[in-house]
Number of protein chains: 2
Amino acid sequence: MASSAAAAAQAATPLLKDELDIVIPTIRNLDFLEMWRPFFQPYHLIIVQDGDPKKTIRVPEGFDYELYNRDDINRILGPRASCISFKDSACRCFGYMVSKKKYIYTIDDDCFVAKDPSGKDINALEQHIKNLLSPSTPYFFNTLYDPYRDGADFVRGYPFSLREGAPTAVSHGLWLNVPDYDAPTQLVKPLERNSRYVDAVMTIPKGTLFPMCGMNLAFDRDLIGPAMYFGLMGDGQPIGRYDDMWAGWCTKVITDHLGLGVKTGLPYIWHSKASNPFVNLKKEYNGIFWQEELIPFFQSASLPKEADTVQKCYLELAKQVRAKLGKVDGYFNKLADSMVTWIEAWDQLNPPKGAVATANGTAKSK
Amino acid sequence: MASSAAAAAQAATPLLKDELDIVIPTIRNLDFLEMWRPFFQPYHLIIVQDGDPKKTIRVPEGFDYELYNRDDINRILGPRASCISFKDSACRCFGYMVSKKKYIYTIDDDCFVAKDPSGKDINALEQHIKNLLSPSTPYFFNTLYDPYRDGADFVRGYPFSLREGAPTAVSHGLWLNVPDYDAPTQLVKPLERNSRYVDAVMTIPKGTLFPMCGMNLAFDRDLIGPAMYFGLMGDGQPIGRYDDMWAGWCTKVITDHLGLGVKTGLPYIWHSKASNPFVNLKKEYNGIFWQEELIPFFQSASLPKEADTVQKCYLELAKQVRAKLGKVDGYFNKLADSMVTWIEAWDQLNPPKGAVATANGTAKSK
């Protein structure tokens, strides 16, 4: 089982060329792509330009891409564009929505190719694809980590009935060099760098929440796409830097409910520069307080049996956000509204198969 | 917080010399200790001799040890000796009971010193002590693994209220070379060897069960000792090779209930030889079936608030084993009885502080 799954993952790797989009939010020229050329050039890029739409973003020659700026987002989504953050990399989730592929890989434009301990360039995308194509093990912990990797398996005492695993919806990759710390930790440890290469992929167990970082993240859009909403951050909002966290908590509650798996660990990328901790503190300030209420909320959130699609789960969660977090701060009522708008916009751009596109539907222009 | 905890762990390492016993179950001469001499010689050993008590076990010169054979166990525990397995390494738990130290490290006699990727001998005991002396993080997953290690911390999105962690009760180490596989996997993959050194320690999240292997295991006897019963295996019993698993499932339910942590990962030992898969299959046969009922049982086990000591938790669990697993097989009624006997024997050898030893109490002879 384990070895055949691993073999299938390897054999399938080149096939995903036409099934995966790379989503990059940015405000600058994408020179960082030069370093990724050997790995990314075969794939299609969706660039979500943040900030001033009049600015021109330079994309290195030879890449196949589509680019959306704020004007495009407003035009395509109309009033529903309100759910897409502005002046915050949370805008990347527009790229998830506009994609028509089964898989998404998203990466920040300050992330470069890392090296493994042997000095070899790490093909992050290939590892993500392997992670997504082999099952997860959310119901029981395997002490030798991912049992589907070459040279590993389920250890003694792992129940045989659980060895088929669960479909993997999310592959969360990590960062060498600048670790993804919050502002207080950045302030306290300005020089800390991550140099520990941990050669492992593992499943986050069912019922356990984790801090999902959007810097180096892949997911199966068909399985979990509509839950990957990065919330309302940035311009006009009282919070930033919790976009990916919000998406991660919603996603984990929904994958747990739907019997899907979330993996973390390999691959590493090289995160080049720490963002300004003072600016970050301003963005995070409210989140640091609110989070103390959010975590118990998500830990105890429970979805009804009838919620059997990601959309239904997400709308139910929006309802619970309004009912239980609205009293923490009025922001969460606005966020709950946006969660509903997000699903409407998702369905607008991704009508159920067989449905006829309506006047304001499938407005995507390439 | 993280860095001061790490510093405390390092400073305290040599101090544990008088606070830790190494427990070794064996049927043979302990020549394997030669390789461990630089690391084990400062510590006291408790050797639990399995099988024929007339056989003499040779212990290399210079080690400080006490040795118990079956005659000793029978003499010390009287009729309660029935709870200690015979002709099975599960007998090791007698050593946990007879120890008077705060910490236990237990290791199999076919386990040798492993090397880290730089070629340096791994001081397994030192790593276990570091694991035990720094907190665990059972309530939320940290994607950069143990946040208390040097060079690591809590990542963005990790709730600040949870950064104190929980006291660590168990440190579960791993194995290079021969992995701890069950008989079916051994039969299918006779040549598989574990050569992947994963440089990580992590907490098993609350609510998640794992397969605890007794080959390379350390724990805080004061925090969790009475839960470390390795069950009834071997001679006269319908099952073997589930001793550590049983202890692990009971322990995890109890640590979760009491707010304690369980870590797994580093350190590695070098596991030299695979046991015979045909013999193993005979031992595991019943367990493979029963386990499918045991896991749901432990996953749904819940302990009442009044169970505020390990002993009370364990006796409650024994009651639930009888009520719910007795119908799986009569063996579990016997096991439930033994769980109660084990606690009686534990309290006999470890009377509550301040209690006066009774006629049949504190009968330990050294």
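Owing to the predicted nature of the structure, the values given are computational and were not obtained by experimental measurement.

A. Structural detail: the nonpolar core. The biggest cluster of nonpolar side chains holds 239 residues, and the ones touching the most others in it are Trp246 of chain A together with Trp246 of chain B. Residues contacting Trp246 of chain B, with those up to four places away along its chain left out, are Tyr229, Leu294, Phe298, Tyr314, Val321, Leu325, Phe332, Leu335 and Met339 of chain B.

B. Highlighting the interface of chain B and chain A. Taken together, the contacts link 60 residues of chain B with 60 residues of chain A. Across the chain B/chain A interface, buried area totals approximately 5100 Å², and carbon plus sulfur atoms make up 57% of it. Three residues stand out in chain B for area buried against chain A, namely Phe141, Arg156 and Arg196 of chain B, and they jointly supply 17% of the buried area on that side. Linking chain B to chain A there are 10 salt bridges. Linking chain B with chain A are 28 residue pairs in polar contact (both at pLDDT 80 or more).

C. Just the relation of the copies chain B and chain A, in detail. Turning chain B through 180 degrees and shifting it by 0.0 Å along the axis lays it on chain A, with an RMSD of 0.0 Å. Viewed as a symmetry operation, the transformation between the two copies matches a two-fold axis. If distances are taken from each C-alpha of chain B to the rotation axis, the shortest is found for Val198 of chain B, at 2.8 Å. Interface residue correspondence from chain B to chain A reaches 100%, placing this contact among same-surface, isologous pairings.

D. Structural context of unusual backbone geometry. Residue Pro267 of chain A is bonded to the preceding Leu266 of chain A through a cis peptide linkage, with omega at 5 degrees. Within the secondary structure layout, Pro267 of chain A lies in strand 9 (residues 261-271). Notably, Arg241 of chain A is not glycine yet its phi reads approximately 65 degrees, a positive angle. As for its placement among the helices and strands, Arg241 of chain A is situated in the loop between helix 7 (221-224) and helix 8 (243-258). Its identity is not glycine, yet Asn177 of chain B carries a phi of approximately 75 degrees, on the positive side. Assignment of secondary structure puts Asn177 of chain B in strand 6 (residues 168-177).

The rules behind each value
Residues numbered from 1 in each chain as written. Chains lettered and ligands numbered in written order. Predicted model: local features only at pLDDT ≥ 70, side-chain atom pairs only at ≥ 80, totals over all residues. Heavy atoms only, no water. Core = buried A, V, L, I, M, F, W, Y, C linked by side-chain atoms within 4.5 Å. Buried < 20%, exposed > 50% of the residue type's maximum accessible area, 1.4 Å probe, protein only. Contact = heavy atoms within 4.5 Å. Buried area = accessible area lost by both parts, 1.4 Å probe. Salt bridge = Lys/Arg side-chain N within 4 Å of Asp/Glu carboxyl O. Polar contact = N/O pair within 3.5 Å; in protein donor to acceptor, adjacent residues only side chain to side chain. Least-squares fit on C-alpha atoms with pLDDT ≥ 70 in both. Helix = DSSP H or I, 4+ residues; strand = E, 2+ residues; numbered from the N terminus.

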